[in-house]
Amino acid sequence: MNRILIGLLFASVIACTPKPKNIITPWSPYDETEELAANEDHEISRMQYKLIQSKYLDKNDIWADVQEQILYFTEEQYQALSPLIFEQDILDIQESIEAGQLTYEQLTQWFLYRIVKYENDSNMTLHTIISINPNAVAEARQKDKERAEGNHPIFGMPILLKDNIGTDGMPTTAGAHVLQENSSSDAFIVERIKAKGGIILGKVNLSEWAYYFCAGCPVGYSAIGGQTLNPYGRMEFETGGSSAGSGTSMAASYAVAAVGTETSGSILSPSSANSIVGLKPTIGLLSRDGIVPISSTLDTPGPMTRSVFDNAILLSAMTGEDDADETTAAAPEQKPYWQDLPMATLEGVRLGVNSQFLQDSLYQIAVEQVQAMGAEVVEFDPVQVNFQGFRTFLNADMKVDLPKYLADHASDNITIKTVADVVKHNLQDSLQRSPYGQALLDGIVEESISEAGFDSLKARFLSEATRFFETPMQEHNLDAILSINNFNAGHAAMAKYPCLTIPMGYLESGQPRNLTFIGRPWSEDQLLQLGYAYEQQTLYRKYPANYP
């Protein structure tokens, strides 16, 4: 038999040999009694959980949308591709694709495989994923065909969204049972991501109704998603809220980047708790249209990533004026925020240091470090401000804004019209739908402040919050102020000042801690440069040890 014939026969045998199939093991709810008992005496009262697993979401429904997409993706492929993907920045991944070492299809399959690897293990699951795009791999395959020079860096990158952000083809639940079947179209920022070639990989868990639901309850809990857990300490550390899933999914490397939303701390808190980079932009830089609201006055989406560079890329992919959100009309011209980062420096920058935070050793070290990098640091004593009535203000905003969202964006099968309807729905089965109560929703229903009273609160909060920052900034000619985690999130929310939070180390317990840069409105470009300079000199972030 000649060599050509032998070769043809061998090729035929190989072609007929079935590929090994990666069949996902079905998820079975586990007995969480011991887990709950172990946390009965947790020093943080809201971590004394009543339940961990969702009573409404069957993970097998999620895996059904994953199965065909990774049917022939093996552990060997996952391990082989890991050096090109795990903890790599967007531009590094794009370089690997350009070099022919990786495809967008493989990239997307790698993240889906990783999600199943950890989220389908009862000892490792973070209860982070709520839904998966069943067409993610097909979309990635198409991106491989459309590759071209000049594409935005977000092109072909798998992105996860907080599940209060409208997304075509996946429910938008805000974590609430009453919205479990809510099918809404793409929010404006999702349209922008898709227009630049980004792939929406799925939706992640959150504090239900963006943590304006129950009083003193766990952060990261929702009826739909269950209790989100922190990969740095699953039952030990809080996830932060309300963008808990956006934070935990980034820490555990479940996607290239994620989008969160913030009213007052909901990006800064989970970013800090999960040792990632989070940006709360100036109100109006990013559209809020198509996002389940708390407050049209204070709400904003924002990027949550593992690096400042990736944060700048995702931010730039979402910007744009939206006729449906008038606040975006005041935003500066769109720009590629990432391009100037390599030249960033702290040399000569004047940074304000809050004297009340200097007792925090990591903050003190960070201050010394930025000073060594050439920044001029000025210590100041914060002024006292009057924020009395803040909850009344949020009550009044949500009482109007949620019904407007339901009327404009909820699908036809959603029959609720008001916050009172949500409360009534939950009372039909409060043990399952609102196990921690719904005190904040009750407060919204009962709120009766007049329009004049609301306007007065709004004006006072803006004035007081602006005074909080501008007093030291003008007195000392500061470029930005340094804070910790989400410690000044409320001030920044009401002043509408942007914040960028970046890992600055870990406590002895292993709990993450972040340094937060706060600047004047529309100073995102400057904040990203300051943050990048600090990040590149310190490189504090490390991935959670149990999620390699």
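Let me sum up the structure you'll find in this document. Quantities reported herein were computed from a predicted structural model and do not represent experimental measurements. (Residues numbered from 1 in each chain as written. Predicted model: local features only at pLDDT ≥ 70, side-chain atom pairs only at ≥ 80, totals over all residues. Heavy atoms only, no water.)

Quick look at the overall build of the protein now. From N to C terminus, the protein includes 20 helices and 13 strands. The C-alpha radius of gyration computed for the protein amounts to 24 Å, which stays within 12% of the reference 24 Å derived for 548 residues, consistent with globular compactness. Taken over the C-alpha atoms alone, the protein extends approximately 90 × 60 × 50 Å along its principal axes. The buried share of the protein, reckoned over its 548 residues, is 60%. A fraction of 77% describes how many contacts in the protein between residues 6 or more apart in sequence connect residues 24 or more apart. (Helix = DSSP H or I, 4+ residues; strand = E, 2+ residues; numbered from the N terminus. Rg over C-alpha atoms; globule rule 2.2 N^0.38 Å. Buried < 20%, exposed > 50% of the residue type's maximum accessible area, 1.4 Å probe, protein only. Contact = heavy atoms within 4.5 Å.)

The subject of this paragraph is helix H10 (residues 244-251). For H10, a buried count of 8 out of 8 residues is recorded, marking the element as mostly surrounded by other parts of the structure. The complete set of buried residues in H10 reads Ala244, Gly245, Ser246, Gly247, Thr248, Ser249, Met250 and Ala251. Lining the buried residues of H10 we find strand E2 (158-162), strand E3 (199-204), strand E6 (257-262), helix H11 (268-273) and strand E8 (300-305). Positive backbone phi, at 60°, marks serine 253, one or two positions downstream of H10.

Glancing now at the packing of helix H15 (residues 419-427) against helix H17 (residues 439-446). Axis angle and axis distance: for two packed helices, these are the angle between their axes and the distance between the axes, and together they describe the pair. For the pair H15 and H17, interaxial distance at closest approach is 9 Å and the crossing angle is 140°. The angle between the axes of H15 and H17 places the two elements in the oblique class. Handedness of the H15/H17 crossing: left-handed. Together, Val419, Ala420, Val422, Val423 and Asn426 of H15 and Leu441, Asp442, Ile444 and Val445 of H17 make up the contact between the two elements. Looking at the contact of H15 with H17, its residues break down into 7 nonpolar, 1 polar and 1 charged. (Axes fitted to C-alpha atoms, helices over the stretch in contact; angles between N-to-C directions. Parallel < 35°, antiparallel > 145°, perpendicular 65-115°, else oblique. Left-handed = near helix turned anticlockwise from the far one by under 90°. Nonpolar A, V, L, I, M, F, W, Y, C, P; charged D, E, K, R; others polar.)

Here the focus is the side chain of serine 82. Here serine 82 is to be found in helix H4 (residues 75-85). When its relative accessible area of 14% is taken as the criterion, serine 82 is described as buried.

Moving on, we get to unusual backbone geometry. Trans peptide bonds make up most of the peptide bonds, and negative phi angles are found at most residues other than glycine. A cis amide bond links glycine 241 to the next residue, serine 242, at an omega of 5°. As for its position among the elements, serine 242 is in the loop between strand E5 (226-227) and H10. The backbone phi angle of serine 275 is positive, close to 55°, even though this residue is not glycine. Relative to the helices and strands, serine 275 is located in the loop between H11 and strand E7 (277-280). On the accessibility criterion, serine 275 (0% relative accessible area) is buried. A positive phi angle, near 70°, is found at tryptophan 522, a position not held by glycine. Within the secondary structure, tryptophan 522 sits in the loop between strand E13 (512-518) and helix H20 (524-538).

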